[in-house]
Structure formats: C-alpha cells, structure tokens
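# Structural characterization, general
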Amino acid sequence: MTRHTENDDDEAEGTDEPHGGCGCGGTDGTPQPNVPEIGRDERPAIFVPDDGDEARAAGSDSAGSSAANGPAEPTESAATDAPRTATDGGVESATGGSDSTELDPDAYDPIDVFPEGDLDLRDGADSCYKCTSCDTSCPVAEVDDEFPGPKFQGPEQWRLKRKGDHDIDESITSCSNCMRCDDACPSSVPLSQMHNEARGQFVEEQMEKLSVEYVRNRILANYRTSARLASVVPRLSSFAMNFGPARWAMDKVLGIPKERDFPEFATTTFREWWRDRGGAQVENPDKRVAYFHGCYSNYNTPEVGKAMVRVYEHFGYEVMVPPQKCSGTPMFANGMLKDARRHAETNVENLVEAIGDGADVIASCTSCSMSLRQEYPELFDIHGIEDVSDHTFEALEYLRIHEDLDEALAEARPEDDRSFAYHAPCHARNQGLARQAVETFRDVDGVELEDVGDSCSGISGTYGWKSEKYEKSMQIGEEMFDHMEAAEGEVGMTECPTCAMQMEHGTGYEIEHPLQLLEETVVA
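Read on for a plain summary of the structure. (Residues numbered from 1 in each chain as written. Predicted model: local features only at pLDDT ≥ 70, side-chain atom pairs only at ≥ 80, totals over all residues. Heavy atoms only, no water.)

## What about the overall build of the chain?
Under the convention used in this document: A run of H or I in DSSP becomes a helix once it reaches four residues, and a run of E becomes a strand once it reaches two; helices and strands are each numbered from the N terminus. Classification of residues uses two cut-offs on accessible area relative to the type maximum, computed with a 1.4 Å probe and protein chains only: under 20% is buried, over 50% is exposed, and between them is partly exposed. What makes two residues a contact is simply this: any of their non-hydrogen atoms within 4.5 Å. Only the protein chains shown count as cover for residues, with accessible areas throughout obtained via the Shrake-Rupley method and a probe of 1.4 Å.
Of the regular secondary structure elements, the chain holds 28 helices and 10 strands. Counting all 524 residues of the chain, 56% fall into the buried class. For the chain, restricting intrachain contacts to residue pairs at least 6 apart in sequence, the fraction spanning at least 24 positions comes to 75%. Of the accessible surface of the chain, which amounts to about 22200 Å², a share of 46% is contributed by carbon and sulfur atoms.

## Overview of the sheet that holds strand β8 (residues 447-451)
So the rule is basically this: In this analysis, strands are considered paired if DSSP registers two or more bridges between them. Only the stretch in contact is used when fitting a helix axis, every axis being a line fitted to C-alpha atoms; angles between N-to-C directions are given from 0 to 180 degrees.
Strand order in the open sheet made by the four strands is β8-β7-β9-β10, with parallel pairing throughout. The sheet is open, and its two borders are formed by β8 and β10 (510-512), each paired with just one other strand. The sheet shows a mean angle of 35° between the axes of neighbouring strands, taken without regard to direction.

## A closer look at unusual backbone geometry
Look at Lys130: it is not a glycine, yet its phi comes out positive at around 60°. Its location among the elements puts Lys130 in the loop between α5 (122-127) and α6 (133-137). The residue Asn177 is not glycine, and still its phi comes out positive at about 65°. As for its placement among the helices and strands, Asn177 is situated in the loop between α8 (150-161) and α9 (180-184).

## Considering the pairing of strand β5 (residues 359-363)
With respect to burial, β5 is a largely interior element, five of its five residues being buried. Because side chains alternate across β5, one face comprises the buried residues Ala359, Val361 and Ala363, and the other comprises Asp360 and Ile362, equally buried. The pairing of strand β3 (residues 288-292) with β5 spans five bridges and is classified as parallel. By the bridge assignment for β5, Tyr291 is matched with Ile362. Two strands pair when backbone bridges link them, and β5 and strand β6 (residues 392-394) are joined in this way by three bridges, in the parallel orientation. For Val361, the partnering residue across the bridge sits in β6 and is Thr392.

## Overview of the sheet that holds strand β4 (residues 318-320)
Consider a sheet: its strands pair through backbone hydrogen bonds, and that pairing is either parallel or antiparallel. Within the open sheet, the four strands sit side by side as β4-β3-β5-β6. Their pairing is parallel. The sheet is open, and its two borders are formed by β4 and β6, each paired with just one other strand. Strand-to-strand twist of the sheet, defined as the mean angle between neighbouring strand axes without regard to direction, takes the value 35°. Alignment of β3 against β4, held across three bridges, turns out to be parallel. Looking across to β4, one finds that Ala290 is bridged to Met320. Those strands touched by helix α19 (residues 337-356) are β3, β4 and β5, and its axis lies near 135° from that of β5. Across the sheet, helix α20 (residues 366-379) lies against β3, β5 and β6, angled at about 160° from β6, the strand it touches most.

## What to know about the side chain of Asn217
Within the secondary structure layout, Asn217 lies in helix α11 (residues 212-221). Those residues in contact with Asn217 that lie beyond four places of it in its chain are Met207, Asn334, Met336 and Lys466.

## Considering the state of the cysteines
As a reminder of what qualifies: Disulfide: a pair of cysteine sulfur atoms within 2.5 Å of each other.
Going through the model one piece at a time under the given rule, you end up with zero disulfides. In this structure Cys178 is not part of a disulfide, and its nearest cysteine sulfur, from Cys426, lies 4.8 Å away. The thiol sulfur of Cys426 is not disulfide-bonded, and the nearest other cysteine sulfur, from Cys456, lies at 3.7 Å.

## Observations regarding the environment of Ala363
As for its position among the elements, Ala363 is in strand β5. The class for Ala363 is buried, based on a relative accessible area of 0%. Separated by 58 residues in sequence, Ala363 and Gly305 place their C-alpha atoms 9.5 Å apart. Those residues in contact with Ala363 that lie beyond four places of it in its chain are Phe292, Cys368, Ser369, Phe393, Glu394 and Ala395.

## Some thoughts on the packing of aromatic side chains
Under the convention used in this document: Pairing of aromatic side chains requires ring centres within 6.5 Å, counting the rings of Phe and Tyr and the six-membered ring of Trp. Pairs whose planes differ by under 30 degrees are stacked, by over 60 edge-to-face, and all others tilted. In this analysis the charged atom, NZ for Lys or CZ for Arg, is taken to sit over a ring once it is within 6 Å of the ring centre and within 35 degrees of the ring normal.
Inspection of every chain in the model, using the stated rule, returns 12 aromatic pairs. Ring centres 5.0 Å apart and planes at 40° place the aromatic pair Phe262 and Trp465 in the tilted group. Taken together, the positions of Phe262 in the loop between α14 (244-254) and α15 (270-276) and Trp465 in the loop between β8 and α26 (467-486) put the pair 203 residues apart, joining distant regions of the chain. The burial state of Phe262 is the same as that of Trp465; both residues are buried. Members of the aromatic cluster, joined through ring pairs, are Phe270, Trp273, Trp274 and Tyr291. Here the guanidinium or amino end of Lys287 rests over the ring plane of Tyr317, the centre of that ring lying 4.4 Å away.

Quick look at the structure:
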C-alpha cells in the first residue's frame, strides 16, 4: 500500500493552499470526534507587534475602523465588544493596561488587565525570582561576556518592552535558542517562549531588512529552500559549496565562516527513495505513524530516514510520509517568525490529516519534535496545532513507549563490535530524552555507548554558522570534543543533525543516528 508518496518538491513556497485532502472528517466534511477540523489561524500570532498587519486585521474584526487605524484610543464600542490583542499576545484591558496613566485604581482588577490566556506571559514573568539558574546554565553566557543571559532576555526584557518607547535589546540575537534555560528554571518561567517572541519582534521592527546580517540570517533560516535548489545538481552543489574561493567569498560577503564544511547533498533524497520504493511496504490501520523527516534527513542524510522506515516496518507499523516543510527550528532561532508560521500552517494541516487517519507523528530529529511539540503551540494559534503537539514523539522515544525493545535486542548484536561516543542534544534534554539511547543499547552484546556528558555542542542550529559566532561556538563545544576523544569509541552518535555537524567538525569522527544502530542490530 502506498500512502503519501507524492513529492512535495512541487509545492510552491509560501502558498496558502492546503496540501492533500482533508482526512479529518466524514464524507460530508463534518469533523469526527477527537479529530480537529483543518483550518487556518483564528487569532494573530504572538509575535505580531501592536501595529502589525495581522493585529490590525484582527482588531478590525472586533473593533471596527478604530483598530484598523493603529494604536489610537479605543472607541467605546471597541472596548466593550471585544478585547484587544496586546504585543505579548495577551489581552489588553479596556483602560489601556498597566502602563496607562488613566487607569482608575478603584476599578483596577489584575484579572481583567491580564486575564489568563495562551499568549499572556505575565504569569511567567512574575514567576521569576531571579535565582539566575538560567544564566549559569546558558552556554552562550559562559563564553560571551557581552551576552546578558536568559534572565535579562526573558522576564526583564519582557517587562521593559511593555513600555511603548523601549526597544528590544539587540543582544537577543546572540541567544542560540538551545533552550537549556527552560530546563534549568526551577519556577517554570517560559524563557524560550519569551526569547522567541522578543527575537521575532526585534527582527520585525528594528532590524534593517537590507543589511548583510538580515540577508545572511534569512538564508540560513530557510535552509530548506537552499537545499531544494542544491539537490537539483547535488554533486555539483556539494563541490561548489566547499570550493575554497567560494567559501572565502561567503565568509567575506555574507559572514558564513569559511572554517566549516558544508554537508554533502544526497544524490537521492529521502522522498525520492520513498517514491521509488512505492511508499509503505506494511499496511496496518492499528499501527500507523506519520514520519516528519525534516529537511536534513531528506536532503543530506536520507540513510537516517531509511533506517527509521525499516525499523518501524520491522515492528509492524504502517509508515506515512505526509507532505511537509521545515519544522521552523532555524527560523525561530533567527527571529523569522512569519516564515516559520507559513511553514507551520502547511505542516499542521497535513499532520492533522494523518492524525485523523489514526497515525501518531514521529520525528527523527529532536529539534523537529521539539518544534512541533512545544514551540508551535507557544507561538502560533493554528487550528489543530494542539493535536499535533499532543501526538508528536521522537522516533526512538515512541518505540520505547510502545514496543519491548529490551526483548527485541536481547539476542541482537551487530555484525562487528561497535563503540560510540554519544552526545544528547540540548533539545533532547528539554524533552526528557537525554538517556534514551544509552538505556536502549546498554545491554546489547557487541555495543559500547559512552555518554560524553551534558555540555552543549555549541553549534545550536545556525548559531555556529555565523562568522561572528564561530569561535564562541567552538569554545562551547570544547568540553564535548574532549570527552569524545577520551571515549573508547571513535564513532559519534546523536539525534540532532547540526550537533552531528559540530561533532564531526570538532573531532573528525563519523557520526551516526541511534536509528541506524537499531536498524543494524534488529532489522539486519
């Protein structure tokens, strides 16, 4: 049976048209129980500033022409008909919020001013008691004396930017979005959500759109677009991208460090392989998964996607490969939230359809699963986004939940003894998955898997791909490099493709994904 074998290379970038039919309702289009109806946004995104187009559009729906004319005083009807969306995505009070000089103390009710809501971050900001655990856990603050740290970028900057005349501090662009501060906070302050919102607002309102930095960051954030073009002639692209004079020019003109090697592009992408094999080889309506392969497994390391398919089919799963775009991870890190939102709309629509067909969503990249699980519902309000979040799992995590891997691996062993230096990505730690690979393979004969510690790799997606951050990126990664070289294995292992780049760059080791070892031990 073939499911979702169409190649999404024909998708138009930025299109608003849905992809594929709606699998979430009955034949008459009526939504079925527990299955969301596919739809578009119902509210503006959290990052849209007060005077943004979408905010005005939303305001015009509820407040008429007064809202459409910008941040003018609300009319009586606007104040009484509907709340207004504030910069932080919360709902501003009819009296103008806490910054209003006309606020009547007798009428003040904190619940009215900052009502509970998905986009209101005041509760999170007020939960910060300045213990600085986030600052001491931040790998960027450790090597960059000019970076003020997550506490300032989060709660303190959130309070400052609520004042209308206060700009977002430019240092927000030095946050690598590793999200380790979220893990470190004992008070559950939504630090990464605050960082993403502030970074998006800075890029949208304050960053010069013709600057080299903006153009470079836009290119890095939209890796899928570059990879699609490069994959038309993969061998030539791989050569040209690593050609010495070209690398020198990219460093001087765009600020992309010449020290790094561009990853090679696969001669056959994962989706081409999937199409050529005829799609799924197992049909099982009781065990279905929708594979979110992400950009890197599609264009650069299709062997990871192939391993995922073979392992899941070995356990009797019917694998679906829905049309999809970038998860948005590099766009969040660069404040390109409008780009991320456009990609998220396509992903949510197609993944909701798969969920309606009985599938859970599986990602082989921990940053992709992190994005679908946490960042999407934190930043966007797209119909069905919570369902996607609730049904998303990292690939090894899902098998550990639903299959007896200990039994499957009891008699397994690789053809030759293998030793690995394993690095758990920061985004795996955020999802509580730091030990899953070590625990899965610790009792397998012929396999040695040594955890190289909890340090950050330093590359953090696109952070280490910027010339001004390159040295800091390598400084952050030094501890991991040292531990890898001290480990017995001379092959690295991780679930994150950019961590894999950094591991290879810092040590020269070949890097594998846990799914590849699982394929070797269970399927082969």
